[in-house]
Structures are given as C-alpha cells and as structure tokens.
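Here are the chains, one letter per residue:
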Amino acid sequence: MSEPKQPSKHSVRVQIYGEEYALRTDADPAHTRQVAAYVDQAIRTIAESGAVVESHKAAILAALQITDELFRARAADEATAERIRSLSGELRRWLPPAKRGDA
C-alpha cells in the first residue's frame, strides 16, 4: 500500500501593509495572494480612517473585523443549512413512502 499523497507546499511572496512575507502553504498561490490582499486592504482601511497610528494596532483591529465577518458568515451558513434541513423534511412528507429514503 502506498502512502497517501501529501498536498504540495507552495512558497508565495506577498505584501501586507508595506511588509513582504514569504508564506509556505498548501493552498493555491493565487488564493494565498487574494487572502493577503484582503488582509492588506483591511489594515489600510483602518489605518486610513485615522483612528489608529501604530501598524500593529491597525492589524489587530483588521483581524477583529475579519473574524467578525467570518463568524457572521458561519452563522448565516448554519441558518441556511437549518432552513434546507427543515424544507427537506417538509418535502419528504410529500414523497411516497418508498421514495422517502427512510431505512
């Protein structure tokens, strides 16, 4: 039996708020660049608002904003999944017993 194939690592150079980072990742390089650009833009938006001066504080506020977006998206996904499960149950009642997939 052969070993399961490990995803290949990519080395990707990105710029975030004027700093260059060399990242090693399993993700597609284009995806990694897109993520880095999103983080860069979030930090720049906060820094340009004038609310903070220090770059590390802008980065922390950007991380909080992005994490809030993630949590809200997860909650919306779960609400959508719950609604689909509910609709599936309603639709199942309309199917003939042999087609319902009940064990």
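Residues numbered from 1 in each chain as written. Predicted model: local features only at pLDDT ≥ 70, side-chain atom pairs only at ≥ 80, totals over all residues. Heavy atoms only, no water.

(A) Summary view of a nonpolar patch on the surface. On the surface, I60, L61 and L64 cluster together into a nonpolar patch covering about 280 Å² of accessible area. Of the residues examined, L64 reaches a relative accessible area of 54% and is grouped as exposed. (Patch = residues over 30% accessible without salt bridge, like charges linked within 9 Å, V, L, I, M, F, W, Y side chains within 5 Å. Areas by Shrake-Rupley, 256 points an atom, 1.4 Å probe, with all protein chains shown as cover. Salt bridge = Lys/Arg side-chain N within 4 Å of Asp/Glu carboxyl O. Buried < 20%, exposed > 50% of the residue type's maximum accessible area, 1.4 Å probe, protein only.)

(B) Quick peek at the nonpolar core. Grouped together as the largest cluster of nonpolar side chains are 11 residues: V12, V14, I16, A36, A42, I43, I46, A47, V52, A58 and A62. Of all elements in the fold, only strand 1 (10–16), helix 1 (29–48) and helix 2 (55–94) reach the threshold of two or more residues within this core. Looking at which element gives the most residues to this core, the answer is helix 1, with 5 residues. Excluding residues within four positions of it along the chain, A58 makes contact with I43, I46, A47 and V52. (Core = buried A, V, L, I, M, F, W, Y, C linked by side-chain atoms within 4.5 Å. Helix = DSSP H or I, 4+ residues; strand = E, 2+ residues; numbered from the N terminus. Contact = heavy atoms within 4.5 Å.)

(C) Spatial organisation of the pattern of salt bridges. In the structure shown here, the tally under the stated rule is 7 salt bridges. Note that D68 is salt-bridged to R72, the shortest N-O span being 2.9 Å. Pair noted here: D68 and R72 are both in helix 2, with a separation of 4 residues, about one helical turn. The partner of E82 in a salt bridge is R85, and the shortest N-O contact between them spans 3.0 Å. One end of the pair, E82, and the other, R85, are both in helix 2, 3 residues apart, so they sit about a helical turn from each other. Residues joined in a network through salt bridges with shared partners are E78, E82 and R85.

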